[in-house]
Amino acid sequence: MELTSVLYQKNGAVATITLNRPDVFNAFDETQSYDLQAALKEARKDNEVRVVVLTGAGKAFCSGQDLKAIAGSKNRSLSDSLYKRYNPIIKAMRDMPKPIIGRINGVAAGAGASLALACDFIIAAENAAFIEVFVNVGLVPDSGSSYFLAKSISPARAFEMATQATKISAQQAQEWGLINRVVSTENLDEEVQKHAEYYAAAPTLAVGMIKKMLNKATSADLDAMLQIEAWYQEIAGRSNDYREGVTAFNEKRKPEFKGN
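Below or above, wherever it landed, is the structure these notes cover. (Residues numbered from 1 in each chain as written. Predicted model: local features only at pLDDT ≥ 70, side-chain atom pairs only at ≥ 80, totals over all residues. Heavy atoms only, no water.)

Broken down by element type, the chain carries ten helices and nine strands. Its C-alpha atoms give the chain a radius of gyration of 19 Å, near enough to 18 Å, the size a compact globule of 260 residues would have. Dimensions of the chain, computed from C-alpha atoms along their principal axes, come out at roughly 65 × 40 × 35 Å. Look at the contacts in the chain between residues 6 or more apart in sequence, and 68% of them connect residues 24 or more apart. Carbon and sulfur atoms provide 52% of the accessible area of the chain, an area that totals close to 13700 Å². (Helix = DSSP H or I, 4+ residues; strand = E, 2+ residues; numbered from the N terminus. Rg over C-alpha atoms; globule rule 2.2 N^0.38 Å. Contact = heavy atoms within 4.5 Å. Areas by Shrake-Rupley, 256 points an atom, 1.4 Å probe, with all protein chains shown as cover.)

Attention shifts here to the nonpolar core. Side chains of a nonpolar character, in soluble globular proteins, are inclined to be buried together. Counting 45 residues, the largest nonpolar core has Leu36, Leu54, Met93, Ile104 and Leu115 as the members making the most contacts within it. The element that contributes the greatest number of residues to this core is helix H2 (residues 78-95), accounting for five residues. With residues near it in sequence (within four places) discarded, leucine 36 still touches Val6, Ile17, Leu19, Phe28, Leu54, Ile89 and Leu115. Judged by nonpolar contacts, the second largest core, of 16 residues, contains Val14, Leu188, Val192 and Tyr199. (Core = buried A, V, L, I, M, F, W, Y, C linked by side-chain atoms within 4.5 Å. Buried < 20%, exposed > 50% of the residue type's maximum accessible area, 1.4 Å probe, protein only.)

On to the pairing of strand E2 (residues 14-19), then. With five of its six residues buried, E2 lies for the most part within the structure. Strand direction decides the pairing type here: strand E1 (residues 6-11) and E2, joined by six bridges, are antiparallel. Along E2, the bridge assignment pairs lysine 10 with alanine 15. Across six bridges, the pairing between E2 and strand E3 (residues 51-56) is parallel. Bridge pairing in E3 links isoleucine 17 to leucine 54. The β-α-β motif built from E2, the intervening helix H1 (residues 30-45) and the parallel element E3 has right-handed crossover chirality. (Pairing = 2+ DSSP bridges. Right-handed = clockwise from strand over helix to strand, strands pointing away.)

Here we take up the sheet that holds E3. Pairing is mixed in the open sheet, where six strands are placed in the order E1-E2-E3-E4-E6-E9. Taken across any chain shown, the strands that pair with only one partner, and hence form the sheet edges, are E1 and strand E9 (181-183). Averaged over all pairs of adjacent strands, the angle between their axes in this sheet comes to 20 degrees, without regard to strand direction. Sheet topology note: the strand E6 (residues 121-125)/E9 ladder contains three bridges and is parallel. Its bridge partner being in E9, isoleucine 123 is matched across the sheet by arginine 181. (Axes fitted to C-alpha atoms, helices over the stretch in contact; angles between N-to-C directions.)

Here's what the structure looks like:
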């Protein structure tokens with residue numbers, strides 16, 4: 001796997017994917033879009049990887065689309081760009097049968113905000129911020145932002161963020177329920193490492209199915225979810241991790257899950 005705009009590092013069961021265009025605050029050009037797709041595909045197919053950390057190089061997480069990179073484009077189809085570049089990224093993240101931790105080290109704007117909100121567990125540095133900047137150039141939210149905002153916060157706050165490009169601090173984002181943790185910049189890596197280690201040792205099969213269940217719960221009714229729970233519980237009950245969990249409980253020790 002050859003990547004030029006994304007770094008992919010694997011440390012045991014943890015794969016760290018870093019957007020690597022710090023000179024433009026990790027704004028997306030075509031290369032970075034396809035590199036990120038490739039990195040996510042690699043993390044999914046590698047059975048040794050049980051948790052993914054997504055972050056940005058330098059001072060920002062991701063500032064969205066690099067507008068300078070498309071300045072000379074004429075008659076450019078924005079929907080084609082979404083279908084080919086951004087939507088596959090978001091779908092790969094939500095379909096990933098492993099948890100994705102968002103390490104938000106700075107601004108997450110536009111598609112960068114969408115990328116951050118597509119993570120499963122989001123940890124932000126206290127100087128990070130979230131901005132839905134689409135309306136500032138006469139566009140609508142994309143890359144899943146309309147979905148994640150409506151799912152996570154009140155309609156009034158979602159409307160404000162989407163239509164006024166309101167800059168939301170990390171602290172506000174946590175208070176509103178958009179993210180999980182806010183820590184000092186100095187403690188960001190320590191906090192991310194703590195949760196990465198937790199998920200690296202967790203029953204990955206069960207965590208992946210929980211992720212799928214919660215995705216489905218936003219649009220399914222109770223009867224459908226009861227059926228899905230029964231289906232996934234049958235699968236989980238046949239796993240090696242379930243047998244290990246019960247054995248460890250009876251032996252009064254900490255389980256050693258293998259992720260299957």
